[in-house]
Amino acid sequence: MNTISTIIQKLSLQPHPEGGFYKETYRSADTCLDGSRNLQTAIYFLLTSDNVSHFHRIKSDEIWYFHAGSPLLVHTLTDEGHTQYMVGNDLLAGQTPQLLVPKNTIFGSSVLEKDSYSLVSCSVAPGFDFTDFELFSKEDLMKDYADFEGIIDLLT
């Protein structure tokens, strides 16, 4: 069994609507926002070089934590344009083992190396809820980010 299949099996990961595989590992019993949201949630997230995490947005801050495999490229689209971050363990290569994606930021991700994978965890506060999940099409993004068609093609 290859490494990717082993990780999927051992962590009981399921396909994620944005791409990749995930499993929720924590949902706080405490709530906020007048009881409408769990205080915090966490997931394992596995992305392979054969797929991407499509551009999406949520209404909460999300922190990414690197665990294993190839560095993960997290791409954001903001008023300042396209920014790419490398989430990984090689600090001398400009990677960071942890990354904050602020609430309401459009973002997606891809694996840096071919024939590889990235295993990360994501923590969301206030907790993740699919009602706050917005997936973007190329047409949606080209209206405001036409200068970044290449990355939009990759992540939509």
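Conventions used here
- Starting from 1, residues in each chain are numbered consecutively following that chain's sequence as written.
- Residues qualify for local features only when their pLDDT is at least 70, as the model is predicted, and side-chain atom pairs are given and counted only at 80 or more; totals for whole chains, interfaces and linings, by contrast, use all residues.
- By convention in this description, side-chain values take in all heavy atoms of the structure and omit both hydrogens and water.
- Ring pairs shown here join Phe, Tyr and Trp side chains whose ring centres sit within 6.5 Å, with only the six-membered ring taken for Trp; geometry is labelled stacked below 30 degrees between planes, edge-to-face above 60, and tilted in between.
- Per the convention used, a helix needs a DSSP run of H or I reaching at least four residues, while a strand needs a run of E reaching at least two, with both numbered from the N terminus.
- Residue burial is assigned from relative accessible area. The probe radius is 1.4 Å, only protein chains are included, and a residue is buried under 20% of its type maximum, exposed over 50%, and partly exposed in between.
- Strand pairing requires that DSSP identify at least two bridges connecting the strands.
- Here a salt bridge means any side-chain nitrogen of Lys or Arg lying within 4 Å of a carboxyl oxygen belonging to Asp or Glu.

Draft legend 1. View of the packing of aromatic side chains. Under the definition given, this model contains 5 aromatic pairs. Taken together, a centroid distance of 5.9 Å and an interplanar angle of 85° make the contact between Phe45 and Trp64 edge-to-face. A residue pair is termed long-range when its members are at least 10 positions apart, and Phe45 in strand E5 (residues 41-48) and Trp64 in strand E7 (residues 61-69) qualify at 19 residues. On the basis of relative accessibility, which here comes to 2%, the residue Phe45 falls in the buried class. Here the aromatic rings of Phe128 and Phe130 are separated by 4.8 Å at their centres, their planes lie at 85°, and the arrangement is edge-to-face. Take Phe130: its relative accessible area is 38%, and that puts it in the partly exposed class. Taken together, Phe45, Trp64 and Phe107 form an aromatic cluster joined through their ring pairs.

Draft legend 2. Summary view of the sheet that holds strand E10 (residues 98-101). The sheet built from 6 strands is open, its strands ordered E1-E2-E5-E12-E7-E10 with antiparallel pairing. The outermost strands of the open sheet, each flanked by one partner alone, are strand E1 (14-15) and E10.

Draft legend 3. Expanded view of the pattern of salt bridges. Inspection of the entire model under this criterion finds 6 salt bridges. Note that Glu149 and Lys138 form a salt bridge whose closest N and O atoms lie 3.0 Å from each other. Of the two residues, Glu149 sits in helix H3 (residues 149-154) while Lys138 sits in helix H2 (residues 138-145), which places them 11 residues apart along the sequence. Glu149 gets classed as partly exposed once you look at its relative accessible area, which sits at 35%. Overall, Lys138 belongs to the partly exposed group, its relative accessible area being 26%. Its salt-bridge partner being Lys138, residue Asp153 comes within 2.7 Å of it at the nearest N-O pair. Of the two residues, Asp153 sits in helix H3 while Lys138 sits in helix H2, which places them 15 residues apart along the sequence. Asp153 sits in the partly exposed class, given a relative accessible area of 41%. Each member of the salt-bridge network shares a partner with another, and the members are Arg37, Asp129 and Asp132.

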